[in-house]
Amino acid sequence: MIYENVQRLIGYAMKNELITSNDVYVVQNGLMDALGLIDFESSDTPAAYSGESIDDILAPILDYACENGIISDTTNSRDLFDTKLMGVLTPFPREVKERFYKLYKQSPQKATDWYYDFSKALNYVRAGRMAKDIRWKYRSEYGELDITINRSKPEKDPRDIAAAKTAQSADYPKCMLCAENAGFSGNIKRPARQNLRPVPISLNGAPWQLQYSPYGYYNEHCIIFNEKHTVMKIDDAVFEKLFDVLEFLPHYFVGSNADLPIVGGSILSHEHFQGGRYTFPMETAPVEKEFALPQFPNIKAGKVKWAMSVIRLQSENRKELSAACAHVLKKWRGYSDESVDIFSETNGGPHNTITPIARKHGDVYECDLVLRNNRTTPERPLGLFHPNPSLFHIKKENIGLIEVMGLAVLPSRLAEELGAVEDMLLGLGQSALTAPHEEWARGVRERHPELNSQNAAEIIREEVGAVFEQVLLDAGVFKRDENGQKAFDRFIAAL
(Lines give C-alpha, C1' and ligand atoms only; values in the text may rest on other atoms or scores of the structure.)
Protein backbone atom coordinates (compact mmCIF):
# COMPACT_ATOMS: atom_id res chain seq x y z
CA MET A 1 0.00 0.00 0.00
CA ILE A 2 2.85 2.42 0.73
CA TYR A 3 4.06 2.04 -2.85
CA GLU A 4 0.66 3.02 -4.20
CA ASN A 5 0.58 6.08 -1.92
CA VAL A 6 4.05 7.15 -3.03
CA GLN A 7 2.99 6.74 -6.67
CA ARG A 8 -0.07 8.86 -5.97
CA LEU A 9 2.16 11.61 -4.53
CA ILE A 10 4.38 11.46 -7.62
CA GLY A 11 1.29 11.64 -9.82
CA TYR A 12 0.11 14.69 -7.86
CA ALA A 13 3.49 16.35 -8.43
CA MET A 14 3.31 15.74 -12.17
CA LYS A 15 -0.29 16.93 -12.44
CA ASN A 16 0.63 20.16 -10.64
CA GLU A 17 3.78 20.61 -12.75
CA LEU A 18 6.12 20.39 -9.79
CA ILE A 19 8.12 17.74 -11.65
CA THR A 20 8.24 16.30 -15.17
CA SER A 21 8.47 12.72 -16.42
CA ASN A 22 12.26 13.17 -16.53
CA ASP A 23 12.27 13.63 -12.74
CA VAL A 24 10.20 10.60 -11.72
CA TYR A 25 12.94 8.14 -10.77
CA VAL A 26 15.00 10.74 -8.92
CA VAL A 27 11.92 11.82 -6.97
CA GLN A 28 10.85 8.23 -6.36
CA ASN A 29 14.27 7.39 -4.95
CA GLY A 30 14.22 10.48 -2.76
CA LEU A 31 10.87 9.47 -1.30
CA MET A 32 12.09 5.89 -0.80
CA ASP A 33 15.07 7.20 1.13
CA ALA A 34 12.87 9.34 3.37
CA LEU A 35 10.61 6.36 4.06
CA GLY A 36 13.40 3.83 4.55
CA LEU A 37 12.25 1.69 1.61
CA ILE A 38 14.85 -0.62 0.03
CA ASP A 39 12.61 -1.88 -2.76
CA PHE A 40 9.77 -0.43 -4.78
CA GLU A 41 6.80 -2.18 -6.34
CA SER A 42 5.69 0.01 -9.21
CA SER A 43 2.58 -0.40 -11.33
CA ASP A 44 2.16 0.19 -15.04
CA THR A 45 0.88 3.68 -14.23
CA PRO A 46 3.48 5.12 -11.84
CA ALA A 47 1.92 8.58 -12.02
CA ALA A 48 -1.57 7.45 -10.98
CA TYR A 49 -3.50 10.33 -9.43
CA SER A 50 -7.24 10.84 -9.20
CA GLY A 51 -7.58 14.39 -7.90
CA GLU A 52 -7.24 13.95 -4.12
CA SER A 53 -6.11 16.89 -2.00
CA ILE A 54 -2.49 16.98 -0.94
CA ASP A 55 -3.57 16.48 2.68
CA ASP A 56 -5.43 13.28 1.73
CA ILE A 57 -2.43 12.03 -0.24
CA LEU A 58 0.05 12.70 2.54
CA ALA A 59 -2.06 11.34 5.42
CA PRO A 60 -1.54 7.59 4.75
CA ILE A 61 2.15 8.13 4.08
CA LEU A 62 2.51 9.91 7.42
CA ASP A 63 0.56 7.11 9.11
CA TYR A 64 2.98 4.60 7.61
CA ALA A 65 5.95 6.62 8.89
CA CYS A 66 4.45 6.67 12.41
CA GLU A 67 3.56 2.96 12.39
CA ASN A 68 7.06 2.00 11.28
CA GLY A 69 8.92 4.16 13.79
CA ILE A 70 10.29 6.60 11.22
CA ILE A 71 8.71 9.51 13.09
CA SER A 72 6.75 10.03 16.31
CA ASP A 73 3.00 10.41 16.01
CA THR A 74 2.92 14.05 17.12
CA THR A 75 1.74 17.14 15.28
CA ASN A 76 5.23 18.61 14.98
CA SER A 77 6.83 15.35 13.82
CA ARG A 78 4.17 14.85 11.16
CA ASP A 79 4.55 18.45 9.97
CA LEU A 80 8.34 18.15 9.78
CA PHE A 81 8.06 14.92 7.83
CA ASP A 82 5.35 15.95 5.38
CA THR A 83 7.43 19.03 4.55
CA LYS A 84 10.48 16.82 4.03
CA LEU A 85 8.48 14.72 1.56
CA MET A 86 7.25 17.80 -0.29
CA GLY A 87 10.81 19.09 -0.38
CA VAL A 88 11.72 16.12 -2.57
CA LEU A 89 9.18 17.40 -5.11
CA THR A 90 10.17 21.06 -4.91
CA PRO A 91 12.05 22.68 -7.82
CA PHE A 92 15.29 24.54 -7.18
CA PRO A 93 15.16 28.29 -6.50
CA ARG A 94 16.65 29.14 -9.89
CA GLU A 95 13.79 27.27 -11.62
CA VAL A 96 11.16 29.10 -9.58
CA LYS A 97 12.76 32.47 -10.27
CA GLU A 98 12.97 31.72 -14.00
CA ARG A 99 9.31 30.69 -14.22
CA PHE A 100 8.11 33.67 -12.18
CA TYR A 101 9.94 36.27 -14.22
CA LYS A 102 9.02 34.64 -17.51
CA LEU A 103 5.36 35.05 -16.56
CA TYR A 104 6.04 38.51 -15.11
CA LYS A 105 7.02 39.69 -18.61
CA GLN A 106 3.44 38.90 -19.63
CA SER A 107 1.94 40.59 -16.56
CA PRO A 108 2.61 40.88 -12.82
CA GLN A 109 -0.75 39.26 -12.10
CA LYS A 110 0.06 36.18 -14.19
CA ALA A 111 3.29 35.80 -12.23
CA THR A 112 1.59 36.00 -8.83
CA ASP A 113 -1.33 33.81 -9.96
CA TRP A 114 1.14 31.08 -10.85
CA TYR A 115 3.33 31.60 -7.78
CA TYR A 116 0.40 31.43 -5.36
CA ASP A 117 -0.97 28.26 -6.98
CA PHE A 118 2.55 26.82 -6.96
CA SER A 119 2.94 27.59 -3.24
CA LYS A 120 -0.37 25.87 -2.52
CA ALA A 121 0.56 22.86 -4.65
CA LEU A 122 3.79 22.53 -2.66
CA ASN A 123 1.69 22.62 0.52
CA TYR A 124 3.81 25.52 1.73
CA VAL A 125 0.59 27.52 1.75
CA ARG A 126 -1.52 25.10 3.77
CA ALA A 127 -4.80 25.68 1.97
CA GLY A 128 -6.45 22.66 3.58
CA ARG A 129 -5.84 24.03 7.05
CA MET A 130 -6.74 27.59 6.09
CA ALA A 131 -10.15 26.33 4.98
CA LYS A 132 -10.86 25.46 8.63
CA ASP A 133 -10.85 29.13 9.64
CA ILE A 134 -14.27 30.51 10.60
CA ARG A 135 -15.15 33.73 8.78
CA TRP A 136 -18.01 36.18 8.74
CA LYS A 137 -18.79 39.87 8.16
CA TYR A 138 -19.96 42.41 10.69
CA ARG A 139 -21.68 45.64 9.63
CA SER A 140 -20.20 48.40 11.78
CA GLU A 141 -20.43 52.17 11.77
CA TYR A 142 -17.21 52.11 9.74
CA GLY A 143 -18.23 49.59 7.10
CA GLU A 144 -18.27 45.81 6.99
CA LEU A 145 -15.53 44.38 9.20
CA ASP A 146 -14.00 40.95 8.54
CA ILE A 147 -14.11 38.55 11.50
CA THR A 148 -12.04 35.36 11.50
CA ILE A 149 -11.36 32.69 14.09
CA ASN A 150 -7.96 31.31 13.25
CA ARG A 151 -8.17 27.51 13.26
CA SER A 152 -5.51 26.82 10.62
CA LYS A 153 -2.46 26.72 12.87
CA PRO A 154 -2.32 23.35 14.64
CA GLU A 155 -2.53 23.24 18.42
CA LYS A 156 0.71 22.44 20.23
CA ASP A 157 1.03 18.75 21.16
CA PRO A 158 2.04 18.38 24.84
CA ARG A 159 4.72 15.86 23.79
CA ASP A 160 6.21 18.40 21.39
CA ILE A 161 6.16 21.07 24.10
CA ALA A 162 7.99 18.74 26.50
CA ALA A 163 10.57 17.81 23.87
CA ALA A 164 11.20 21.46 22.99
CA LYS A 165 12.11 22.24 26.61
CA THR A 166 15.07 19.85 26.50
CA ALA A 167 16.12 20.45 22.88
CA GLN A 168 19.43 22.14 22.16
CA SER A 169 19.01 25.78 21.16
CA ALA A 170 20.37 27.06 17.88
CA ASP A 171 20.44 30.49 16.27
CA TYR A 172 20.17 29.30 12.68
CA PRO A 173 18.22 30.74 11.00
CA LYS A 174 18.18 33.82 13.18
CA CYS A 175 14.41 34.21 12.83
CA MET A 176 11.42 32.88 10.91
CA LEU A 177 11.84 35.51 8.19
CA CYS A 178 15.51 35.04 7.37
CA ALA A 179 16.44 34.06 3.81
CA GLU A 180 18.22 31.00 5.22
CA ASN A 181 14.83 29.41 5.95
CA ALA A 182 14.48 28.32 2.31
CA GLY A 183 15.20 24.58 2.27
CA PHE A 184 15.69 24.41 6.05
CA SER A 185 14.83 20.99 7.50
CA GLY A 186 13.35 22.35 10.72
CA ASN A 187 13.48 20.90 14.21
CA ILE A 188 11.41 20.65 17.37
CA LYS A 189 11.51 24.45 17.77
CA ARG A 190 11.47 25.62 14.15
CA PRO A 191 9.16 24.59 11.29
CA ALA A 192 10.57 22.81 8.26
CA ARG A 193 10.90 24.86 5.07
CA GLN A 194 12.17 22.42 2.44
CA ASN A 195 9.25 23.47 0.24
CA LEU A 196 9.81 27.22 0.60
CA ARG A 197 11.00 29.01 -2.54
CA PRO A 198 10.96 32.81 -2.17
CA VAL A 199 11.29 34.99 -5.27
CA PRO A 200 14.09 37.59 -5.23
CA ILE A 201 13.05 41.21 -5.81
CA SER A 202 14.65 44.63 -5.28
CA LEU A 203 13.35 47.42 -3.05
CA ASN A 204 15.05 50.80 -2.80
CA GLY A 205 18.17 49.30 -4.37
CA ALA A 206 18.51 46.45 -1.86
CA PRO A 207 17.81 42.71 -2.21
CA TRP A 208 14.49 41.54 -0.75
CA GLN A 209 12.41 38.41 -1.24
CA LEU A 210 8.75 37.62 -1.81
CA GLN A 211 6.87 34.62 -0.45
CA TYR A 212 3.37 33.73 0.69
CA SER A 213 2.28 33.16 4.26
CA PRO A 214 1.81 29.46 5.04
CA TYR A 215 -1.32 30.36 7.02
CA GLY A 216 -2.71 33.32 5.11
CA TYR A 217 -5.46 35.42 6.67
CA TYR A 218 -6.74 36.74 3.31
CA ASN A 219 -6.34 36.13 -0.42
CA GLU A 220 -2.73 35.86 -1.59
CA HIS A 221 -1.37 36.94 1.79
CA CYS A 222 2.27 37.60 0.95
CA ILE A 223 5.32 38.50 2.99
CA ILE A 224 8.08 40.67 1.54
CA PHE A 225 11.25 40.56 3.60
CA ASN A 226 14.70 42.10 3.60
CA GLU A 227 17.39 39.54 2.74
CA LYS A 228 19.44 41.07 5.52
CA HIS A 229 18.42 40.34 9.11
CA THR A 230 17.75 43.92 10.17
CA VAL A 231 15.21 45.36 12.59
CA MET A 232 11.85 46.84 11.64
CA LYS A 233 12.09 50.58 11.21
CA ILE A 234 9.47 53.09 10.14
CA ASP A 235 11.45 55.95 8.62
CA ASP A 236 11.46 58.11 5.48
CA ALA A 237 12.82 55.24 3.36
CA VAL A 238 9.95 52.90 4.22
CA PHE A 239 7.57 54.79 1.94
CA GLU A 240 9.90 54.45 -1.05
CA LYS A 241 10.11 50.72 -0.34
CA LEU A 242 6.33 50.38 -0.13
CA PHE A 243 5.89 52.27 -3.39
CA ASP A 244 8.57 50.08 -5.02
CA VAL A 245 6.39 47.09 -4.12
CA LEU A 246 3.43 48.79 -5.83
CA GLU A 247 5.54 49.46 -8.91
CA PHE A 248 6.44 45.77 -8.98
CA LEU A 249 3.00 44.39 -8.05
CA PRO A 250 0.45 47.11 -8.83
CA HIS A 251 -2.50 44.74 -8.24
CA TYR A 252 -1.46 44.19 -4.59
CA PHE A 253 -1.72 46.36 -1.52
CA VAL A 254 1.28 46.46 0.81
CA GLY A 255 1.69 47.60 4.39
CA SER A 256 4.04 47.51 7.32
CA ASN A 257 3.51 46.84 10.97
CA ALA A 258 4.59 49.62 13.29
CA ASP A 259 8.11 49.44 14.67
CA LEU A 260 7.40 49.61 18.41
CA PRO A 261 6.28 46.89 20.85
CA ILE A 262 2.57 46.58 21.68
CA VAL A 263 1.49 48.37 18.50
CA GLY A 264 3.88 46.47 16.24
CA GLY A 265 3.78 42.95 14.82
CA SER A 266 5.02 39.70 16.29
CA ILE A 267 8.42 39.91 14.57
CA LEU A 268 10.14 43.26 15.10
CA SER A 269 13.64 41.84 14.66
CA HIS A 270 13.42 41.47 10.87
CA GLU A 271 12.28 44.13 8.42
CA HIS A 272 9.31 42.93 6.39
CA PHE A 273 6.03 43.99 4.84
CA GLN A 274 2.76 42.19 4.22
CA GLY A 275 0.60 42.48 1.15
CA GLY A 276 -1.75 40.64 -1.14
CA ARG A 277 -4.76 40.82 -3.40
CA TYR A 278 -7.56 41.71 -1.04
CA THR A 279 -9.76 44.72 -0.38
CA PHE A 280 -9.80 45.44 3.34
CA PRO A 281 -12.60 47.41 5.01
CA MET A 282 -10.27 50.35 5.64
CA GLU A 283 -9.64 50.75 1.91
CA THR A 284 -13.34 51.35 1.26
CA ALA A 285 -13.76 53.73 4.21
CA PRO A 286 -14.44 57.27 2.97
CA VAL A 287 -12.53 60.43 3.70
CA GLU A 288 -14.72 62.43 6.07
CA LYS A 289 -12.69 65.64 6.05
CA GLU A 290 -10.20 66.90 3.47
CA PHE A 291 -7.35 69.21 4.37
CA ALA A 292 -4.34 70.80 2.70
CA LEU A 293 -0.66 70.24 3.32
CA PRO A 294 0.86 73.65 2.50
CA GLN A 295 4.30 72.20 1.74
CA PHE A 296 2.79 69.66 -0.66
CA PRO A 297 0.19 71.42 -2.84
CA ASN A 298 -0.18 68.47 -5.22
CA ILE A 299 -1.07 66.01 -2.46
CA LYS A 300 -4.69 65.16 -1.77
CA ALA A 301 -5.05 64.70 1.98
CA GLY A 302 -7.91 63.71 4.24
CA LYS A 303 -9.01 62.24 7.55
CA VAL A 304 -10.56 58.81 7.08
CA LYS A 305 -13.83 57.80 8.70
CA TRP A 306 -12.42 54.84 10.57
CA ALA A 307 -12.43 53.47 14.10
CA MET A 308 -8.74 54.28 14.44
CA SER A 309 -6.95 57.52 13.59
CA VAL A 310 -6.06 57.48 9.90
CA ILE A 311 -4.72 60.08 7.48
CA ARG A 312 -5.00 59.26 3.78
CA LEU A 313 -2.63 60.84 1.24
CA GLN A 314 -2.92 60.47 -2.54
CA SER A 315 -0.92 61.57 -5.58
CA GLU A 316 0.25 60.44 -8.99
CA ASN A 317 3.70 61.70 -8.02
CA ARG A 318 5.19 58.99 -5.80
CA LYS A 319 8.24 61.06 -4.87
CA GLU A 320 6.15 63.91 -3.56
CA LEU A 321 3.80 61.47 -1.84
CA SER A 322 6.73 59.77 -0.16
CA ALA A 323 7.99 63.13 1.08
CA ALA A 324 4.53 64.05 2.37
CA CYS A 325 4.23 60.74 4.23
CA ALA A 326 7.66 61.31 5.78
CA HIS A 327 6.53 64.79 6.85
CA VAL A 328 3.48 63.39 8.67
CA LEU A 329 5.64 60.70 10.28
CA LYS A 330 8.17 63.25 11.54
CA LYS A 331 5.45 65.47 12.97
CA TRP A 332 3.74 62.54 14.69
CA ARG A 333 6.96 61.16 16.17
CA GLY A 334 7.38 64.32 18.25
CA TYR A 335 3.73 65.18 18.88
CA SER A 336 2.11 65.26 22.32
CA ASP A 337 -1.35 66.29 23.51
CA GLU A 338 -1.81 65.80 27.23
CA SER A 339 -5.54 66.49 26.99
CA VAL A 340 -6.02 63.13 25.22
CA ASP A 341 -3.21 61.21 26.99
CA ILE A 342 -0.82 61.33 24.03
CA PHE A 343 2.84 61.69 24.94
CA SER A 344 5.49 61.22 22.29
CA GLU A 345 7.89 59.89 24.91
CA THR A 346 8.23 59.23 28.62
CA ASN A 347 11.48 58.65 30.48
CA GLY A 348 13.36 58.81 27.17
CA GLY A 349 11.31 56.04 25.57
CA PRO A 350 9.52 56.87 22.29
CA HIS A 351 5.81 56.09 21.95
CA ASN A 352 4.57 57.49 18.65
CA THR A 353 4.84 55.59 15.39
CA ILE A 354 2.80 54.81 12.28
CA THR A 355 1.31 51.77 10.58
CA PRO A 356 1.49 52.62 6.85
CA ILE A 357 -0.61 50.91 4.15
CA ALA A 358 -0.09 51.65 0.45
CA ARG A 359 -2.03 50.78 -2.69
CA LYS A 360 -2.52 51.98 -6.27
CA HIS A 361 -5.69 53.02 -8.06
CA GLY A 362 -4.72 53.30 -11.70
CA ASP A 363 -1.96 55.91 -11.80
CA VAL A 364 -2.75 57.22 -8.31
CA TYR A 365 -0.66 56.14 -5.33
CA GLU A 366 -2.50 56.06 -2.01
CA CYS A 367 -1.07 55.72 1.46
CA ASP A 368 -3.04 55.39 4.70
CA LEU A 369 -1.06 56.48 7.75
CA VAL A 370 -2.48 54.99 10.95
CA LEU A 371 -1.29 56.92 14.00
CA ARG A 372 -0.14 54.65 16.84
CA ASN A 373 1.07 55.13 20.41
CA ASN A 374 2.39 52.35 22.67
CA ARG A 375 2.33 54.13 26.04
CA THR A 376 1.43 52.03 29.07
CA THR A 377 0.12 53.03 32.49
CA PRO A 378 -0.14 51.19 35.80
CA GLU A 379 -3.86 50.75 35.11
CA ARG A 380 -3.26 49.64 31.50
CA PRO A 381 0.06 47.74 31.53
CA LEU A 382 -0.61 46.15 28.13
CA GLY A 383 -1.12 49.51 26.49
CA LEU A 384 -3.25 52.60 26.88
CA PHE A 385 -4.25 52.39 23.19
CA HIS A 386 -4.87 48.66 23.31
CA PRO A 387 -8.09 46.67 23.82
CA ASN A 388 -9.47 47.41 27.26
CA PRO A 389 -9.46 44.48 29.71
CA SER A 390 -13.20 43.89 29.39
CA LEU A 391 -12.54 42.72 25.81
CA PHE A 392 -9.71 40.30 26.61
CA HIS A 393 -12.06 37.33 26.64
CA ILE A 394 -12.34 37.84 22.86
CA LYS A 395 -9.15 39.70 21.88
CA LYS A 396 -6.12 40.33 24.08
CA GLU A 397 -3.32 40.16 21.52
CA ASN A 398 -1.60 43.16 19.91
CA ILE A 399 -3.48 45.03 17.20
CA GLY A 400 -1.19 44.77 14.19
CA LEU A 401 -1.39 45.65 10.53
CA ILE A 402 -4.11 43.16 9.57
CA GLU A 403 -6.46 44.10 12.41
CA VAL A 404 -5.82 47.80 11.84
CA MET A 405 -7.23 47.40 8.31
CA GLY A 406 -10.41 45.82 9.67
CA LEU A 407 -9.80 42.06 9.73
CA ALA A 408 -10.07 40.46 13.16
CA VAL A 409 -7.70 37.54 13.74
CA LEU A 410 -9.26 35.88 16.77
CA PRO A 411 -7.75 32.95 18.72
CA SER A 412 -8.75 29.38 17.89
CA ARG A 413 -10.06 28.79 21.43
CA LEU A 414 -13.13 30.84 20.53
CA ALA A 415 -14.41 28.19 18.11
CA GLU A 416 -15.22 25.96 21.07
CA GLU A 417 -15.85 28.64 23.67
CA LEU A 418 -18.49 30.49 21.66
CA GLY A 419 -20.33 27.21 21.14
CA ALA A 420 -20.35 26.74 24.90
CA VAL A 421 -21.61 30.32 25.36
CA GLU A 422 -24.46 29.56 22.96
CA ASP A 423 -25.40 26.51 25.02
CA MET A 424 -25.29 28.59 28.20
CA LEU A 425 -27.54 31.27 26.71
CA LEU A 426 -30.01 28.57 25.68
CA GLY A 427 -30.09 27.20 29.21
CA LEU A 428 -28.12 24.05 28.46
CA GLY A 429 -25.59 24.57 31.23
CA GLN A 430 -22.32 26.30 32.00
CA SER A 431 -18.78 24.97 31.84
CA ALA A 432 -15.19 26.04 32.28
CA LEU A 433 -15.29 27.20 28.66
CA THR A 434 -17.92 29.83 29.43
CA ALA A 435 -16.24 31.27 32.54
CA PRO A 436 -14.26 34.05 30.77
CA HIS A 437 -17.37 35.13 28.87
CA GLU A 438 -20.05 35.14 31.57
CA GLU A 439 -20.30 38.89 32.13
CA TRP A 440 -20.38 39.54 28.37
CA ALA A 441 -22.94 36.76 27.89
CA ARG A 442 -25.26 38.35 30.43
CA GLY A 443 -25.13 41.55 28.42
CA VAL A 444 -25.85 39.63 25.22
CA ARG A 445 -28.94 38.12 26.83
CA GLU A 446 -30.13 41.53 28.05
CA ARG A 447 -29.63 43.12 24.63
CA HIS A 448 -31.36 40.26 22.82
CA PRO A 449 -34.49 39.04 24.64
CA GLU A 450 -35.52 37.48 21.31
CA LEU A 451 -32.57 35.03 21.46
CA ASN A 452 -33.53 31.42 20.75
CA SER A 453 -32.08 28.24 19.28
CA GLN A 454 -32.68 29.46 15.71
CA ASN A 455 -30.89 32.82 16.03
CA ALA A 456 -28.42 32.35 18.90
CA ALA A 457 -25.38 31.58 16.75
CA GLU A 458 -25.96 34.60 14.52
CA ILE A 459 -26.52 36.91 17.50
CA ILE A 460 -23.27 35.73 19.09
CA ARG A 461 -21.40 36.44 15.85
CA GLU A 462 -22.88 39.92 15.72
CA GLU A 463 -21.83 40.55 19.31
CA VAL A 464 -18.29 39.32 18.60
CA GLY A 465 -18.18 41.75 15.69
CA ALA A 466 -19.23 44.55 18.01
CA VAL A 467 -16.38 43.61 20.36
CA PHE A 468 -13.89 43.87 17.50
CA GLU A 469 -15.26 47.27 16.53
CA GLN A 470 -14.61 48.39 20.12
CA VAL A 471 -11.12 46.86 19.96
CA LEU A 472 -10.33 49.15 17.03
CA LEU A 473 -11.84 52.16 18.79
CA ASP A 474 -9.68 51.44 21.85
CA ALA A 475 -6.57 51.27 19.66
CA GLY A 476 -7.29 54.66 18.12
CA VAL A 477 -5.16 57.45 19.55
CA PHE A 478 -7.76 60.15 18.84
CA LYS A 479 -11.09 58.84 20.04
CA ARG A 480 -14.22 59.18 17.92
CA ASP A 481 -15.96 61.47 20.41
CA GLU A 482 -16.03 65.27 20.06
CA ASN A 483 -13.00 65.82 22.28
CA GLY A 484 -10.94 63.22 20.42
CA GLN A 485 -11.82 64.55 16.97
CA LYS A 486 -11.02 68.12 17.98
CA ALA A 487 -7.63 66.85 19.18
CA PHE A 488 -7.14 65.05 15.85
CA ASP A 489 -7.89 68.31 14.03
CA ARG A 490 -5.25 70.08 16.15
CA PHE A 491 -2.65 67.56 15.01
CA ILE A 492 -3.72 68.03 11.40
CA ALA A 493 -3.40 71.79 11.81
CA ALA A 494 0.16 71.24 13.07
CA LEU A 495 1.06 69.61 9.75
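The rules we used
Residues numbered from 1 in each chain as written. Predicted model: local features only at pLDDT ≥ 70, side-chain atom pairs only at ≥ 80, totals over all residues. Heavy atoms only, no water. Core = buried A, V, L, I, M, F, W, Y, C linked by side-chain atoms within 4.5 Å. Buried < 20%, exposed > 50% of the residue type's maximum accessible area, 1.4 Å probe, protein only. Contact = heavy atoms within 4.5 Å. Pairing = 2+ DSSP bridges. Helix = DSSP H or I, 4+ residues; strand = E, 2+ residues; numbered from the N terminus. Axes fitted to C-alpha atoms, helices over the stretch in contact; angles between N-to-C directions. Salt bridge = Lys/Arg side-chain N within 4 Å of Asp/Glu carboxyl O.

J.: Hey, could you go over the nonpolar core for me, with residue numbers and the actual values?
T.: In this structure, Ile224, Leu313 and Phe478 are the most contacted members of the largest nonpolar core, which totals 93 residues. Discounting chain neighbours no more than four positions away, the residues touching Ile224 are Ile201, Leu203, Trp208, Gln209, Leu210, Val245, Val254, His272 and Phe273. Met282, Val370, Val404 and Leu451 belong to the second largest nonpolar core, which has 50 residues in total.

J.: Residue-level account of the sheet that holds strand 6 (residues 253-255), with values.
T.: Pairing within the open sheet is antiparallel, and its 10 strands lie in the order 3-4-5-7-6-13-14-10-9-8. The sheet is open, and its two edges are formed by strand 3 (199-203) and strand 8 (287-291), each paired on a single side. Adjacent strand axes in the sheet meet at a mean angle of 25 degrees, parallel and antiparallel pairs treated alike. Here 10 bridges tie strand 13 (residues 352-361) to strand 14 (residues 364-373), and the two strands are oriented antiparallel to one another. Across the sheet, Arg359 pairs through a bridge with Glu366, a residue of strand 14. Against the sheet, helix 11 (residues 318-333) touches strand 10 (310-315), strand 13 and strand 14, its axis set at about 10 degrees to strand 14.

J.: With reference to specific residues and values, describe the pattern of salt bridges.
T.: Scanning the model with the defined rule gives 34 salt bridges in all. The closest approach of N and O atoms between Glu4 and Arg8, which form a salt bridge, is 2.9 Å. Here the residue Glu4 and the residue Arg8 both occupy positions in helix 1 (residues 2-15), the gap between them amounting to four residues, near one helical turn. Residue Glu4 is classed as partly exposed on the basis of its relative accessible area, which comes to 40%.

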